[in-house]
Amino acid sequence: MNKTHNLHKSLEKINKERFNKDLLSWYRSEQRDLPWRQNQDPYRIWVSEIMLQQTKVDTVIPYFKRFIESFPTVYDLAAAPEDKVLKAWEGLGYYSRARNLQSAVKEVVETYNGKVPDTPEQIANLKGVGPYTAGAILSIAYNKPEPAVDGNVMRVFSRILSIWDDIAKPSTRKIFEEAVRKLISEENPSHFNQALMELGAMVCTPKSPSCLLCPVQSHCQAFAEGVQDELPVKSKKKPPKPVPMAVGVLKTMENEVLIHKRPSTGLLANLWEFPNHETLSGGNAQDEQLQAFIEESYGVETEIEEHVKNFEHVFSHIKWKLAVYSGNVVKKASETEELRFVNIDQLEEFTFPVSHQKIIQLLKDGTI
DNA sequence: CACACGTGGGC
DNA sequence: TGCCCAAGTGT
């Protein structure tokens with residue numbers, strides 16, 4: 001009894017025509033009025049799908065509006081300086097999404113004459129466009145019957161079809177793609193995929209699903225068995241690893257602050273930061289380690305004056321345990337593309353991660 | 001495959 | 001408070 005066999009057995013119980021009618025009529029009457037649903041411009045759909053990755057709708061809305069105002073077309077985004085794009089993304093997180101999006105948009109302009117491609121092969125080859133986003137653009141913008149399997153779809157279908165595979169495992173997505181291919185409405189693939197996600201967001205929620213309001217309750221095998229609260233099966237991820245870190249807010253005689261641009265790969269790539277250094281134990285001599293690091297790496301001579309405060313910032317996989325120090329720049333270095341001395345008022349021209357926004361606030365309120 | 005990669009909100 | 005979650009992708 002393999003997974004495929006189980007899936008086929010569950011699919012046999014679904015009346016596709018009636019399921020689609022119930023799902024799509026619900027979507028037509030209950031769908032939210034969202035800014036990326038104003039039209040089917042593939043570029044707008046694309047931008048929204050990238051922003052919505054691992055990010056709540058309410059968080060995305062203001063970012064989407066501002067982003068489209070700043071970069072209304074693929075040509076505007078392709079031509080924009082990267083720092084402007086990152087600035088528009090500031091606070092959204094997963095910043096490589098923004099850089100990958102711009103990179104892919106440039107490819108669309110150069111290779112596809114500015115038209116977002118409409119074939120699975122071409123669109124899936126774009127940077128930052130994986131199996132989900134490819135299917136989302138193809139179905140929503142071009143109305144092609146392609147699966148767009150995200151967390152919502154896996155949750156909804158795990159319940160409807162009583163699928164007990166661990167949705168945290170990468171291989172499990174294929175099972176749901178197969179289910180979607182079997183059930184997707186040929187008349188309206190766009191609404192079908194969006195309706196599944198809308199249902200997952202509004203009704204078939206992770207905790208306390210509103211089964212009594214569900215338009216496809218009569219099709220749901222988990223509800224029939226009373227096991228909707230046990231699905232989907234999802235294994236837990238590792239807790240973030242603590243990383244002790246010393247950060248310096250170093251000022252020149254002219255009251256400028258030393259800032260540094262992070263490398264173009266890895267965590268918070270190409271964002272700006274106050275000079276910081278991972279410290280071995282988080283114990284003693286953090287200030288001396290930091291001071292030595294700044295001199296060796298940037299050629300800037302500093303003197304740390306005082307320990308301002310400690311705080312934590314939690315990422316997906318690590319937890320920075322930040323010790324903030326203030327001090328002075330004794331000897332400046334020449335400014336480069338990645339090393340600047342700026343006034344406090346100028347900081348907003350640069351893109352900082354949220355972890356450093358907390359430090360900027362200390363500067364602005366006079367704590368430092 | 002497992003892990004890197006952010007953030008804010010809910011309970 | 002701490003943990004889980006949210007329209008995933010790259011390596």
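This text follows the structure it describes.
As a starting point, this report considers the structure included with it. None of these values were measured; they are calculated from a predicted model. (Residues numbered from 1 in each chain as written. Chains lettered and ligands numbered in written order. Predicted model: local features only at pLDDT ≥ 70, side-chain atom pairs only at ≥ 80, totals over all residues. Heavy atoms only, no water.)

**Topic: the nonpolar core**
- Counting residues in each nonpolar core, the largest one holds 105 residues, and the members touching the most others are Trp46, Phe67, Phe157, Phe192 and Phe274.
- With seven residues, helix 3 (residues 42-52) is the largest single contributor of residues to this core.
- Counting residues domain by domain, this core receives three or more from each of domain 1 (3-230) and domain 2 (241-364).
- Core analysis: the second largest hydrophobic core is formed by 14 residues, Leu290, Ala323, Tyr325 and Val329 among them. (Core = buried A, V, L, I, M, F, W, Y, C linked by side-chain atoms within 4.5 Å. Buried < 20%, exposed > 50% of the residue type's maximum accessible area, 1.4 Å probe, protein only. Helix = DSSP H or I, 4+ residues; strand = E, 2+ residues; numbered from the N terminus. Domains from an automatic or database assignment.)

**Let's talk about the protein's contact with DNA strand B**
- With respect to spatial proximity, 20 residues lie near DNA strand B, and among them Pro170, Ser171, Leu268, Ser316 and His317 are the closest.
- Counted by atom, the contact set of DNA strand B within 4 Å of the protein is 65% sugar and phosphate.
- In the environment of DNA strand B, a phosphate oxygen lies 2.8 Å from a nitrogen or oxygen atom belonging to the side chain of tyrosine 95.
- Here a phosphate oxygen of DNA strand B and a backbone polar atom of serine 171 are 2.7 Å apart.
- Counted by class, the surface near DNA strand B contains ten nonpolar, nine polar and one charged residues. (Near = heavy atom within 4 Å. Polar contact = N/O pair within 3.5 Å; in protein donor to acceptor, adjacent residues only side chain to side chain. Nonpolar A, V, L, I, M, F, W, Y, C, P; charged D, E, K, R; others polar.)

**Notes on the environment of valine 109**
- Position of valine 109 among the secondary structure elements: in helix 7 (residues 96-111).
- Here the alpha-carbon distance between valine 109 and glutamine 346, two residues 237 residues apart in the chain, equals 33 Å.
- If near-sequence neighbours (up to four positions away) are discounted, valine 109 is found in contact with Val74, Tyr75, Ala78 and Gly114. (Contact = heavy atoms within 4.5 Å.)

**Topic: the environment of serine 334**
- Among the secondary structure elements, serine 334 is positioned in the loop between strand 6 (318-331) and strand 7 (339-342).
- When the C-alpha atoms of serine 334 and valine 314 are compared, they prove to be 33 Å apart, with 20 residues separating the residues in sequence.

**Some thoughts on the packing of helix 6 (residues 82-89) against helix 7**
- Between helix 6 and helix 7, the least distance of the axes is 9 Å, while the angle of their chain directions is 135°. In terms of orientation, helix 6 and helix 7 fall into the oblique class. Our pair here, helix 6 against helix 7, has a crossing hand that is right-handed. Contacts between helix 6 and helix 7 involve Glu82, Val85, Leu86 and Trp89 from the first element and Arg97, Ala98, Arg99, Leu101 and Gln102 from the second. (Axes fitted to C-alpha atoms, helices over the stretch in contact; angles between N-to-C directions. Parallel < 35°, antiparallel > 145°, perpendicular 65-115°, else oblique. Left-handed = near helix turned anticlockwise from the far one by under 90°.)

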